Each structure stands twice: as C-alpha cells, then as structure tokens.
Amino acid sequence: MTIGAFLAAAGLAALVAARRRTPAKQEPAAVVELPQPPSESSRRMAALLEALPAGVIIVAPDGRIAAVNASAASMFGIAPERAIGRALIESVRSYELDRRVTAALASGIEESSELTFIAATERRLHVATRAVNRGDGRREALVVAVDRTRVIELETMRRDFVSNVSHELRSPLTAIKIMTETLQDGADPAASKEFLENIARETDRMIALVEDLLDLARLESGRLDLRFDSVDLSALVRDAVRSQTIRASKLGIRLDAVTPSDGAAIAGDRDMLTQVVVNLLDNALRNTPSGGAITARVSSNGSGVAVDVEDTGIGIASDALPHVFERFYVVDRSRAKSKGGTGLGLAIVKHIVEAHGGSVDAQSELGRGSLFRCSFGPAVRR
Amino acid sequence: MGRENFHRILNETQQDVLRMGSLVEEAINRAVDALGRSDVALADDILRFDDIIDDLNVRIETNCLNLLALQQPMASDLRTIAAMLDIVIDLERIGDHACDIAQITKSLAEEPPLKPLIDIPRMAAKAREMLRESLDAFANHDAAIAHLVPQKDDEVDRLYRAVFQELIGFMAHDPKAINRGSNLILVALYLERIADHATNICERVVYMVEGVPKKLKRSVVEINRAVAHSDTLLNPS
C-alpha cells in the first residue's frame, strides 16, 4: 500500500469509526462496509506525502508498517508492497529504529537524532519519530527520515582537506623554525650551509604547495580563464620531456617521448596542457626507481588524441587506483615524504583535462609500473 | 497458552532474532570502523552493546523453550523454533567476534597503524552482506536466498588469504610489526568465522523451510597452505 492508498484507507477508517459511534439503528453496519471513494483532500495529501523528499513511514499501533512513501522505500531499500503489514524490524533491519518506534508506540516517547542505516550501502540519516494519538486511545508512530549521507561526506572532505593542508604547511614550517633557531644560536660553516640549503628546499616545497592549492582552487571554482588555441600535443610532450631530461638522468631513469611525426593538434590552453604533462612526468619520476624507464606517448586516431605517460615504477595497488586523482591521496605516505610532491599534482591533471572536455584514466600493476592516460577529443586541422 | 497466543509469541520471537541480527551486524560495522580509526571510545561502545545482544539471546532462548515445553509444536513451527535456537548461537558468536575485534582495537590503540586497512574492511563488508542476506532469508522463509548466500564465502576466504599473506610478509620483514600483524591476522580470522556463521544460519533456514537438513557449500580456508607459505617467507631456503 502506498501512502495514497493508506490515506484513502485511513479516511475510510475515520468515517467507519465516526459512524460506529452513532446508534446502530440509524446506521446499519452494512453501510459502513461499502467501499468509499477517497476524498479529494485525502488524495491531495497522499500525493504530497508521496512526493516528499523526506522518507515517511507510518507504523500502526500493533507495530506493523501501515504506509511507506517513495523516499523511505529508497532510503531503506524496501519494496512498499512487501513491507506493508509486516513488523518494522522484518523490513527495515535497524535495531535502533525499531527501538525508537517501539518507544513511540508504547510510551509516546519522541526522538530526533542521527541514525546510521546499513543496507547495500551505509546511509547517514536524521530520523525523527513522532507518536500520533489516533483518538481511540492507541498511538501510531510516524517516522520522518532525511538522508544526510552526502552532506556528511562533504563535511568530512572539507575537514580532511583543511587538516591535510595544515599538516603539509606545518611540517616544512616546523623544520624551518628549528633550523633557523639553530643558526641563530651559531653553527659551524658546514652545518650552516646544509641548514640553509634545507631551508631553501623546504621553502620551495611550501611555495609549490601554495601554487598547487591556488591552481586547484581556480580550477575547482571554474574561474580559470582557459586561453584556447591550436596546441600540437606532440611538440608539447617533446618539450615537456626535454625539460625533465636532466632530472631523469640524475635519477638514473630513461625518459623518452614517442610522438607521431605529423603532429596531433587539439584546441586547448598551452600552459595548462604543459602543466598536465609535467605533472604526470613528475609523478612518474617520483615513483620509478633508478634504472627504470618512462615513456610519454602521443597517439591519435579518428575519435581522439591521447597522451600516455607510462613508467616501469613501483605501481599502484588496485584498491588505491580509483583514488589517485583525489586531492592529497597518497598511496604510501612514508615514501611520499622522502620523495617530495604536494599530493595535488594528479588532482590538478584531472581538473585541467576535464576542463578541456577530456578524461583521465590510470592503469597499474604493483611492481610493474603504471600508465596514466589523458584522452581528448579529435585532433583539429592546423 | 492458546494457539493465538502461541503464534503471537512465535512471531515476536522471530522479530527478536531479527533485532539481535541487526545489533550484531552493526557491531561488526562499528568494530572494523573503530579498528581503522583506533577509536577506543567506539570500541568500548561495542563491548557495552554486547550486553544487549546477550539479553536478547536469553529472551529468545527462554521463549523458544517455553513454546516447545508448553505447546509441543509440530512440523513447520517446530522447525522454526529449532532453527531459532541454532541461529541465536551463531549470532551470539558473531557478537563475541565483534567484541574480540574491539578488544584488539583497544590493545593496539597506542601503536602506530601498520598500514591503512583496505582488505579487512572489505572482508567485513562481505561478511556483513552474507549475514544480512541470511537474515533476509530467515525473515522471508526464503530457501532460495539461503542456498545462494554461502557462495559468497569464497570471496571472504580469498580476502582472508590475501590479508594473511600480506601481514606475514610485513612481520617477516620487520619484527617490530609482529604484535600488530598477528593481531590483524586474528581480526581477519574473526571476520572469516563470521562469514561461516552466516553460512550456518543459511543451513538452518533451509532446514526450517524445506524440512531437510543440508550442508551448504562452504569453501575451506586454506590455513595450512597459508601457514606453509608463511614458513617459506620466514625461513627462506
């Protein structure tokens, strides 16, 4: 029974109750058993309840479900036609909800607080239970549930973000402060030189982090002005690879660019696309041991242009793979610390590529290496 | 006790089994959550929860025994009561395993995490899913679902082996990881056992509905193989 049918029935029940209170002589019992069409107002009320974004369940005095609206059915993963007439706990498997409804029915106790409901997925709900006197000395329980899962997820993300940024900024600042204090107390020239180099390195790390944060903020707010031009990704990838060659060689890593000779131009922002390739190369260089190889490859076919950055590095576990484009997601935090990196590079890559109407993908095998692919629309004629 | 009263108490007792099931399902969820966050307060909550689970257990058993003694039920009713008496034992043990995990959380709270928990929450989710579906099968007297649920045990066993081997690797590499590693292996073992209890519940439901006791498919955890593998890691030739 949907809410509509329930209210129609409830309207009928009220009519029956009213007629039963009148003397039997004036109101033969047979009359009240005739099916009565629901009134216009009960139909309207039923339609409104059914359309409510909040989940509504009505539990009869005997603890059985009397009505469920569409939102409640979806929130609690139940089929109304199977749930109606059954005990609440048989359909909605939540001890806490059952306890609250039992308290409302038995003692008129009303509650309003958070409730975690676990079915196929975990939902965070705000649930209010109300005891409704029926007028015949018995109570019905009204359950009103609002799904707060997404809101709580966003709150958690915001909290994590602030905590991550604070942590990432505090670490270099603490190091700088300690080294500065040591220098103020006086240190021998060799130690002073090392400390100053460390301070410069930590400062660079903070500048990189702040720049990445600003880039990300601009990208996420959509306030970034992309200057679209015809950009040859082949030439851009070759330039980016060239810019990282010295660093790769110092790390003992072979770095190659494989690009089509006739070029592969797309409409895009040259600086932003350069940042995409540089970030991917930077990520590969930090995760590939000495003796490994990195290949940046551009390929083009009728349906689009792809930029791949493939390495023979440490690889990423399959369970971590879906998260690598998230802000501050670091597969191995202890390793990341020694290898630098802000934890924002791949998030920036994803935003820039998506701002170009493209998509990013990562494939990897632990111990074998990773492949990051940026796919764009078809090449444009130059 | 009239027949109407008998059926009322039988129905209420079946609902109590579902209440107890809901509590233990939540206890598993909270236990693994507390472990991942080293949340001692949440672990303490789970231990307190166990008293409610135990109270329900006693109430269900008492009601079942009263129904048996006073009504001499037969056929389907008799099998339902017999099934409930078995199911609550499995639920009570699952609740105990959630407490075991909570105790481990408390004992490891002062130590840094060995690694982010990935496969253990997956095992917990799968075991919980099996438990929920086994209780769905019980609530709906649905033998078809009860036959299907135990097939999911293979995935739990696979995850158990993966966790076991990974943690043995950690411990072989770093003796300081032994305390944390061995405790996490116990957590994985408890979750594997929870999945087995869910399979037991399905067997009871099949008996309750079909009237024929059946041993449902259950893959064997290859502990021996895993131990043999750990020996090769610990004592490489």
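Owing to the predicted nature of the structure, the values given are computational and were not obtained by experimental measurement.

Regarding its fold elements, chain A presents 13 helices and twelve strands. Per-residue burial for chain A yields a buried fraction of 31% across its 382 residues. Sequence-distant contacts, at least 24 apart, represent 62% of the contacts inside chain A between residues at least 6 apart.

Before going further, it helps to examine the overall build of chain B. Secondary structure summary: chain B contains eight helices and zero strands in total. Start at the N end of chain B and walk to the C end: the helices and strands fall as α-α-α-α-α-α-α-α. For chain B, long-range pairs separated by at least 24 residues make up 81% of all intrachain contacts whose partners lie at least 6 apart in sequence.

Looking now at the interface of chain A and chain B. By convention, interface size is frequently given as the accessible area that disappears when the constituent parts associate. Each partner contributes to the interface: chain A provides nine residues, whereas chain B provides 13 residues. Looking at the side of chain A that touches chain B, the elements with two or more residues in it are helix H6 (88-91) and helix H7 (95-107) of chain A. The residue inventory of the side of chain A that touches chain B, partitioned by class, reads four nonpolar, one polar and four charged.

Now for the pairing of strand S2 (residues 65-68) of chain A. Residue and element names in this part refer to chain A. In the sheet, strand S1 (residues 55-59) pairs with S2 via three bridges, with the strands oriented antiparallel. Looking at S2, one finds that isoleucine 57 is bridged to valine 68. Following S1, the chain reverses through five residues before pairing antiparallel with S2; glycine 63 in that reversal takes a positive phi of roughly 85°.

Among the structural elements, glutamate 26 of chain B can be located in helix H1 (residues 3-37). Since 21 C-beta atoms lie within 10 Å of it, glutamate 26 of chain B is described here as buried. Residues in contact with glutamate 26 of chain B, not counting those within four places in the same chain, are Tyr95 and Ile118 of chain A.

Before going further, it helps to spend a moment on the packing of helix H8 (residues 149-185) of chain A against helix H9 (residues 189-221) of chain A. Residues and elements named next belong to chain A. Put simply, H8 and H9 touch, their axes get as near as 10 Å, and they point 160° apart. Between H8 and H9, the angle falls in the class roughly antiparallel. Remark: the crossing between H8 and H9 carries left-handed chirality. The residues of H9 that touch H8, namely those facing Val165, Glu168, Leu169, Pro172, Ala175, Ile176, Met179, Thr180, Thr182 and Leu183, are Ser192, Phe195, Asn198, Ile199, Glu202, Thr203, Arg205, Met206, Leu209 and Leu213. Within the contact of H8 with H9, the residues separate by chemical class into twelve nonpolar, five polar and three charged.

All names here are of chain A. For strand S3 (residues 111-118) and strand S4 (residues 122-133), the ladder comprises eight bridges, and the chain directions are antiparallel. Following the sheet pairing, serine 113 is matched in S4 by valine 127. Counting the residues between successive antiparallel strands, the hairpin from S3 to S4 contains three residues.

Now for the sheet that holds S4 of chain A. Backbone hydrogen bonds are what pair the strands of a sheet, in a parallel or an antiparallel way. Residues and elements named next belong to chain A. If you trace the five strands from one edge of the open sheet to the other, you get S2-S1-S5-S4-S3, paired in antiparallel fashion. Looking at which strands have only one partner, the edges of the open sheet turn out to be S2 and S3. Here the average twist between neighbouring strands, direction ignored, is 25°. Taken together, the nine bridges between S4 and strand S5 (residues 139-147) define a ladder with antiparallel strand orientation. Within S5, the position partnered with valine 127 by the bridge is alanine 145.

Residues and elements named next belong to chain B. Overall, the predicted model of chain B reaches an average pLDDT of 87, with 91% of residues at or above 70. Here residues 219-224 is modelled with pLDDT under 50, and outside its nearest four sequence neighbours on either side it reaches seven contacts, counting other chains as well. Among the scores for the predicted complex, ipTM is 0.82 and pTM is 0.68.

Below, the discussion takes up H8 of chain A. For H8 of chain A, spanning 37 residues, the distance from its first C-alpha to its last is 53 Å, which sits close to the expected 54 Å at 1.5 Å a residue. Among the 37 residues in H8 of chain A, two count as buried, and that is only a small part of the element.

A few words on the environment of valine 206 of chain B. Looking at the secondary structure, you find valine 206 of chain B in helix H7 (residues 178-210). Each C-alpha atom of the pair valine 206 of chain B and leucine 216 of chain B lies 9.1 Å from the other, and the pair is ten residues apart in sequence.

All names here are of chain A. The mixed open sheet is built from five strands, whose spatial order is S7-S9-S10-S12-S11. The outermost strands of the open sheet, each flanked by one partner alone, are strand S7 (254-258) and strand S11 (359-365). Across this sheet, the average inter-strand angle for adjacent strands is 15°, counted without regard to direction. Of the pairings in the sheet, the one linking S11 to strand S12 (residues 369-376) comprises seven bridges and is antiparallel in character. Its bridge partner lying in S12, glutamate 365 is registered against glycine 369.

Here we take up unusual backbone geometry. All names here are of chain B. With a phi angle near 50°, serine 38 is a residue other than glycine that sits in the positive phi range. The topology assignment puts serine 38 in the loop between H1 and helix H2 (40-71). Residue class for serine 38 comes out partly exposed when judged on the 16 C-beta atoms lying within 10 Å of it. With a phi close to 50°, alanine 75 is a non-glycine residue in the positive phi region.

Next up on the list: the confidence of the model for chain A. Residues at a pLDDT of 70 or more form 87% of chain A, whose mean pLDDT is 83. Scored below 50 in pLDDT, residues 6-33 of chain A makes 22 contacts in the model with residues more than four places away or belonging to other chains.

Residue and element names in this part refer to chain B. Packing of H1 against helix H3 (residues 75-108) leaves a shortest axis separation of 9 Å and a crossing angle of 20°. When the interaxial angle is binned, H1 and H3 end up roughly parallel. Pair H1 / H3 crosses with left-handed handedness.

Okay, the environment of leucine 344 of chain A next. Residue and element names in this part refer to chain A. Turning to its location among the elements, leucine 344 is positioned in the loop between helix H12 (333-339) and helix H13 (345-355). Each C-alpha atom of the pair leucine 344 and phenylalanine 328 lies 5.6 Å from the other, and the pair is 16 residues apart in sequence. With sequence-adjacent residues up to four places away left out, leucine 344 is seen in contact with Asp212, Leu213, Leu216, Arg327 and Phe328.

What counts, and at which threshold
- Residue numbering note: each chain is counted from 1, following its sequence as written.
- Each chain takes a letter, starting from A, and each ligand takes a number, starting from 1, following the order in which they are written.
- It should be noted that, the model being predicted, local features are given only for residues of pLDDT at least 70 and side-chain atom pairs only at 80 or more, the latter also being counted only at that level, while totals for whole chains, interfaces and linings use all residues.
- Comment: elements are numbered from the N terminus, with helices defined as DSSP H or I runs of at least four residues and strands as E runs of at least two.
- Exposure is read from a count of other C-beta atoms within 10 Å of each residue's own; the residue is exposed at 12 or fewer, buried at 20 or more and partly exposed in between. C-beta atoms are placed from the backbone.
- Any residue pair is listed as a contact if its two C-beta atoms, each placed from the backbone, are within 7 Å.
- Here the nonpolar group is Ala, Val, Leu, Ile, Met, Phe, Trp, Tyr, Cys and Pro; Asp, Glu, Lys and Arg are the charged ones; every other residue, Gly included, is treated as polar.
- Pairing between two strands requires that DSSP report at least two bridges joining them.
- Structural elements are reduced to axes, namely lines fitted to C-alpha atoms, with helices fitted over the stretch in contact, and the angle between N-to-C directions of any two is expressed from 0 to 180 degrees.
- Convention used here: angles under 35 degrees read as roughly parallel, angles over 145 as roughly antiparallel, angles from 65 to 115 as roughly perpendicular, and any remaining angle as oblique.
- Each helix crossing is assigned a hand: it is left-handed if the near helix lies turned anticlockwise from the far helix by less than a right angle, otherwise right-handed if that turn is clockwise.
- How sure the predictor is of each residue is captured by pLDDT, a score from 0 to 100.
- Multiply 1.5 Å by the residue count of a helix minus one, and that product is the helix's expected span.

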